[in-house]
Amino acid sequence: MTPETNQDYFLFVGSAKITRNDLNHESLNLYVEIKLDGSGKQQTNVVKRGTEPNWDQEFRVFGNTSSILSLSVKYNAWYLRASCMGRVDIPLGTLLATCADKGFAALELTSDAFTSKSMTTGIITVKFQRLGDHIGTAVKLQSNGAGQPGRFESLEEPDNTRNQQRSELKDERSQNIPAFLSNVNRGHKIDPEDVLRELHTLGLSQFHRYQRLGRIADLENAIANQQRAEELMDDGHPNIPGLLSNLSTSLQNRFDRLGELADLDNAIAKQSKAVELTEDGHPDNPMYLSNLGNSQRIRFERIGKLDDLENSISNQQRAVELTNDNHPNKPGFLSNLGSSQIICFDRLGQLTDLESSISNQQRAVELTDNGNPNLPSRLSNLGNRQEARFKRLGELADLENAISNKQKAVKLTDDSHPTLPRFLSNLGSCQAARFTRLGELPDLDDAISNYQKAVQLTEDRHRNMPNRLCNLGNAQERRFHRLGQLADLENAISNQQKAVELTEDDHPNKSTYFSNLGASQRTRFHHLGELVDLEKAISNQRMAIELMDHKHPKMPARLYNLGNSQQARFNRLGKLNDLEDAISNKQNAVELTDEGHPSMFLHCSGLGSGQETRFRRLGQLADLENAISNKQKAVDLTDDNDPRQSVLLISLGNSQQTRFEQLGDLADLAASVATFKVAARLKSAYPRHALDAARKWARVSHQNGDLASALDGYRTALETLPKVAWLGLDAPSRHDWLLREGSENLGCLAATCAIRLGCLKEAVELLDVGRSVFWQQASSLRGDLETLRVGHSELAKELESVGRKLDIGTFSGSSSADEEYGDIGINNIEDVGRERRQLVGIWEGLVERIRQLPRFTYFLKPVPFPQLRQAVSTGRVIIINTSEYGVDALIFSAIGAIEHVPLPKITLDKLTELSGNVILNRSSDARALEDPRAQRRNIISSSLQTALQMIWHIILVPIFERIHVPLDDMHRSQHRIWWYPTGPLTFLPIHAAGSCEGTIDVSRIIISSYVTTLYSLFQSQKTNRSIPAEQLKFLAISQPQTPGHSLLPQSTPEVLGVTQAACLAGWPKDNVIRLDGPDATIEYVLNALDRCSLAHFACHGFQDPILGTKSAFALHNGSLELGQIASKRLSNGRFAFLSACHAASGLKELPGEAMHLAAGLQFAGFPSVIATMWGIRDEDAPKVAEHTYQYLFRNGLNGFDPSDAATALNRAVLHLREDPNITVDRWAPFIHFGI
């Protein structure tokens, strides 16, 4: 027997009447499960319709007349598992014959279709036809739609007008129809209706396979077959409207995929004809109208003709009016109408359009069952409208509701679903908007993450790709403003540039893309100072204006942005016409903005800024008055919870200060300080804005003699500084912020102010807080938790766990992502950064919780002076504070009062000059055999000698006289002093200063050590604990022939001498680890450091001039960087000797941050470290090392004490100086840090 041929059938599932009364149907979710021959399961939407549920859904069934169709009405509820309420099984041939006679078939449902005891539970009504007989049924419109792009805009799609679930095309199906059509081409006599039926069926199958698999060839073939069917069908054919609508849908999909405008025009033409050929009372007419409206709306978004938008709304309104509320297509029609209304609002700015859009979309959601596949789209679209109303009216509740709805849409959507990119982008838009409103960084991180996912899931040729790229770029630029990481800004510009390039010139969104690109380019100009960026910004922003209708509601924003760029160019080049153009554009922006518009405050502030700038140029007082008026209005229009208010307040304070300087009215001075104070203390302010405000508050007060107010401002600024150079950033970004904010200078100014007020203890505290911010932040992750563990062990455990995770990445980061992360990819880098920021947020929350506990109020807060001074077990600390207001010395020991020594004969400028000469001329050579440039070395020695003599007479002599240190070489005494230099004095070897006569110098009367901060010395004293002699291990490293570097032949005998001295002192040979030449690899050295108590490095060292954590020792297989060393937690470390060049050089622009190898070793766990300030001679290093260890090991292994290192170094240097050929530049670089 020849098997029957399978073919496509159309199944329409209508309603059911349930007679079973043993369940409470009103509370159940009902749906129909469809199977053919026991497989290929499909199902309807889930509905709640009491005893007569209604589905009205269409399906495609592929089988033959012998196939068994199974329909099962199932129910579920939150308290029940899915169960079958009734079922019917019927052969397709039987059902086909039944429907042929009656049109519809009412099938009896039974509780068990396969038993004789089955019970009737209801009746289900269905319609069943061959698919070709159903040729007049149109498929749903599958369009991706476009949204309204902006700084953070949403994307929308037309809603599906029907929910047709069709099975996937099977391979054998695609072979039968072409064979049939080939018979037509050979001239076989075949019924024309059969040809139409098969062409249309093939086109539908190809279209559905395209939707499922995304292969463009399927879509092209579908269009070709549908067009061929159209050619064979006259306008009077009853199925022509459905065919035209389906062809329109296919053309619309090709436009979405390839962006060819001709496809969209043809789609509209076909859909319009379908409408014209359909009577008003026809049940498919509303669908044709809604689909036509969708296409017209999309064309408006593409070319911007208002007629298209008006026609779209008109057609969709008719579709809604012609459809009853209980019709399953009504929610889709309402949603589509709402989409066109929101775009009309965006174009014309009428609030009534926005309210109507929200109302229609809300109604669409209410009419949609939970299981409906269109629910995610309708929720996301509702969120778009709520977000738009938030942006228009500023009600935070709208934004929260929008985020909630969009999150639901994403959650309800499979990862592989084609609508997911749109939902992710829409959600990102809301999260970015909430960040702008509230300033919570996790919102912005989440927005960027969702935008990136949306872009990754979108093809370049997709018409929504430019919008998604633009939104991603906008969010990245915003994060740059928040965190200052240049990579974000570069990525933003790249994405915005690509958005412009992917958009045709006549596209209405191109204006937005140009404007956003220009804004980011201006931001980069402000950051890097490259004029070319500003020129590009102005060009792009002018283009944005030229491409936009002057009546467009976004025109004020375009004018405002252009004005900002023109004003920036005036500030750079000084051309008055730029400033006049800027003010004119900003004035127009204000005039074109409604009083209640949320952007009015920005436009007013921008205009005020331009007016103040013109006042500074031309001196017209009216400009200044107008500037203050506009800036005050801007402040009044913003909420205290808006992060942008702090920027507006700073701008207003600047103008008030300017008027005080101009007119001398003390009321303006008071107003200016008060305004800065409010901005600095605003809880919603970004940290960098709060810091800027606090600086201005302190500076203006200090300049005008109000030292108490100034000190309050400095305190606030120093409290804010760590939030700017935030622990959540990578190392390079924190470095950049500290450099930009001049961290040490802030602490020095605060100390000077406190000294003038007689608050000497606070002066020390403030100075210490402003130095080594990087190291203090890292140290907080390693805080002592023993006290916390006593009563709160779980909290301590959690904090330690998070701290260790953060500690791993504290020193990572690179100026080049490629260097640091290799091939892990940009998304992984983004994930790493986001994870770190999230961890820091958790860590900060834990710290705050701990501070709420009794006795832990000051947990991980700056250590007060009475505790800090205990780090000085013997001797004194001498702080030499330098600022623009003077130079002062503060002297103290573990007990007693702080002594203040004013130093009026020296200034910050003079010290900067002296240290500049030393830095410029100091040797940059590594441990060289000899310096062939004898003339240069003489210059170095001479400039250094001059600087040291001045320091001796002007700074040190007054200090020594105050503390009664004899300045007579004949009465030498071993005074112990920890030098605490600041500013440019950090680069001068105070321990080498001496008189002009050369008869006396510091090293002959003082045992000198240096401290980076008192806190670091305090920590070093705490970590210096006794270790049993048998556990002491000595690591010695020598690199006589490092690849790529000059020879260091003396490094090997130096280490041999050091290790022999250790053995003679009683060190077991097994506890002495010597790594020479090729043995000294990065891996071996890092592993050895974990076990050693003493470490000696005899190798090349270098200071990275840009990023301190990249400073390194040169080992056999590469560089052992500072960051790698500092990442360690060494529990047995006691002493390290860094016999390498530049081990304590530091960064010229950040002297107080101690970004050098010596600080890294000290942080890792060595409380006592000898290092070098600049390059040393290869023949000098072994001599200094030999005599240092002779003294340290003088009492044998058991008598070793790391606190003797300063004395040992002093004696070794004095021994080196006995050679009359040793100049100051050769012995002065050796210095000691720590205990």
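Residues numbered from 1 in each chain as written. Predicted model: local features only at pLDDT ≥ 70, side-chain atom pairs only at ≥ 80, totals over all residues. Heavy atoms only, no water.

Draft legend 1. Representation of the overall build of the protein. Secondary structure assignment for the protein yields 46 helices and 23 strands. Going through the 1235 residues of the protein one by one, you find that 60% of them count as buried. Here the contacts in the protein between residues at least 6 apart in sequence split such that 71% fall between residues at least 24 apart. Carbon and sulfur atoms form 48% of the exposed surface of the protein, whose accessible area is close to 48800 Å². (Helix = DSSP H or I, 4+ residues; strand = E, 2+ residues; numbered from the N terminus. Buried < 20%, exposed > 50% of the residue type's maximum accessible area, 1.4 Å probe, protein only. Contact = heavy atoms within 4.5 Å. Areas by Shrake-Rupley, 256 points an atom, 1.4 Å probe, with all protein chains shown as cover.)

Draft legend 2. Region of the structure containing the packing of helix 23 (residues 645-663) against helix 24 (residues 666-681). Put simply, helix 23 and helix 24 touch, their axes get as near as 8 Å, and they point 160° apart. When the axis of helix 23 is compared with that of helix 24, the two are roughly antiparallel. Once helix 23 is placed against helix 24, the crossing between them reads as left-handed. On helix 24, the residues that touch Ser646, Leu649, Ile650, Leu652, Gly653, Asn654, Gln656, Gln657, Arg659 and Phe660 of helix 23 are Leu666, Asp668, Leu669, Ala671, Ser672, Thr675, Phe676, Val678 and Ala679. In terms of residue class, the contact of helix 23 with helix 24 is built from 10 nonpolar, 7 polar and 2 charged. (Axes fitted to C-alpha atoms, helices over the stretch in contact; angles between N-to-C directions. Parallel < 35°, antiparallel > 145°, perpendicular 65-115°, else oblique. Left-handed = near helix turned anticlockwise from the far one by under 90°. Nonpolar A, V, L, I, M, F, W, Y, C, P; charged D, E, K, R; others polar.)

Draft legend 3. Broad picture of helix 30 (residues 773-780). Of all 8 residues in helix 30, 7 are buried, a share of seventy percent or more. Those residues of helix 30 that sit buried are Val773, Phe774, Trp775, Gln777, Ala778, Ser779 and Ser780.

Draft legend 4. Representation of the nonpolar core. With 236 residues, the main nonpolar core has Leu956, Phe960, Phe1113 and Leu1138 as its most contacted residues. Here this core gets 10 residues from one element, more than from any other, and that element is helix 37 (residues 934-962). The two domains that each donate at least three residues to this core are domain 2 (865-924 + 932-1010) and domain 3 (1016-1234). Other than its neighbours up to four places away in sequence, leucine 1138 contacts Phe1097, Phe1113, Ala1143, Leu1157, Ala1158, Leu1161, Val1169, Ile1170, Ala1171 and Thr1172. Counting residues in each nonpolar core, the second largest holds 34 residues, with Leu199, Leu264, Met287 and Ile298 among its members. (Core = buried A, V, L, I, M, F, W, Y, C linked by side-chain atoms within 4.5 Å. Domains from an automatic or database assignment.)

Draft legend 5. Structural context of the sheet that holds strand 20 (residues 1118-1121). Read across the open sheet, the 3 strands follow the order 18-19-20; overall the sheet is antiparallel. This sheet does not close on itself; its edge strands, each paired only once, are strand 18 (1100-1102) and strand 20. On average, each strand axis in the sheet is tilted by 30° relative to the strand beside it, whichever way the strands run. Relative to the sheet, helix 41 (residues 1082-1089) contacts strand 19 (1112-1115) and strand 20, its axis offset from that of strand 20 by approximately 25°. (Pairing = 2+ DSSP bridges.)

Draft legend 6. Representation of empty space enclosed by the protein within the structure. Within the structure shown, the criterion is met by 4 cavities of 30 Å³ or more. Roughly 190 Å³ of internal volume is contained in the largest cavity. Along the walls of the largest cavity sit 19 residues, with Thr986, Ala1144, Pro1151, His1156 and Phe1233 positioned nearest its centre. Along the lines of polarity and charge, the residues of the lining of the largest cavity split into 12 nonpolar, 6 polar and 1 charged. Built from parts of two domains, the lining of the largest cavity gets at least three residues from each of domain 2 (865-924 + 932-1010) and domain 3 (1016-1234). In this structure, the second largest cavity spans a volume of roughly 110 Å³. Lining the second largest cavity are 13 residues; nearest its centre among them are His991, Ser1008, Leu1209, Asn1210 and Phe1230. Sorting the residues of the lining of the second largest cavity by element identifies strand 14 (1006-1010), helix 45 (1205-1216) and strand 23 (1230-1234) as the ones contributing at least two each. (1 Å grid on protein atoms, 1.4 Å probe; cavity = no way out; pocket = protein on both sides within 12 Å on 5 of 7 lines; lining within 4 Å. Points joined across faces, edges and corners; volume = space filled by probe spheres on them.)

Draft legend 7. The environment of asparagine 285, seen in detail. The topology assignment puts asparagine 285 in helix 7 (residues 285-303). C-alpha of asparagine 285 to C-alpha of proline 241: the two residues are 44 residues apart in sequence and 9.2 Å apart in space. Ignoring any residue separated from it by four or fewer positions in sequence, one finds asparagine 285 in contact with Val275, Thr278, Glu279, Asp280, Arg318 and Leu322.

Draft legend 8. Structural view of the packing of aromatic side chains. A full pass over the atoms with the stated rule returns 22 aromatic pairs. With a centroid separation of 5.2 Å and 40° between ring planes, the pair formed by tryptophan 775 and phenylalanine 1163 is classed as tilted. With tryptophan 775 in helix 30 and phenylalanine 1163 in helix 43 (residues 1157-1164), the pair connects residues that are 388 residues apart, well separated along the chain. Just as tryptophan 775 is buried, phenylalanine 1163 falls in that class too. An aromatic cluster is built from Phe1034, Trp1067, Phe1135, Phe1137, Tyr1189, Phe1193 and Phe1200, whose rings are joined through pairwise contacts. Note that arginine 976 overlies the ring of tryptophan 978, its terminal NZ or CZ placed 4.1 Å from the centroid. (Phe/Tyr/Trp six-rings, centres within 6.5 Å; stacked < 30°, edge-to-face > 60°. Lys NZ or Arg CZ within 6 Å of the ring centre and 35° of its normal.)

Draft legend 9. Representation of unusual backbone geometry in the model. Here serine 772, not a glycine, exhibits a phi torsion of approximately 45°, which is positive. With respect to the element layout, serine 772 can be found in the loop between helix 29 (760-769) and helix 30. A positive phi is found at histidine 1142, a non-glycine position, where the angle reads about 60°. Among the secondary structure elements, histidine 1142 is positioned in the loop between strand 21 (1135-1139) and helix 43.

Draft legend 10. Representation of the confidence of the model for the protein within the structure. Taken residue by residue, the protein gives an average pLDDT of 87. The fraction at 70 or more is 89%. Between residues 113-117, whose pLDDT stays under 50, and residues either more than four places distant or in other chains, the model counts 4 contacts. (pLDDT = per-residue confidence, 0-100.)

Draft legend 11. View of the state of the cysteines. The final tally for this structure, using the stated rule, is 0 disulfides. Of the cysteine sulfurs around cysteine 759, a residue in no disulfide, the closest is that of cysteine 753, at 8.5 Å. Residue cysteine 759 is classed as partly exposed on the basis of its relative accessible area, which comes to 29%. (Disulfide = S-S within 2.5 Å.)

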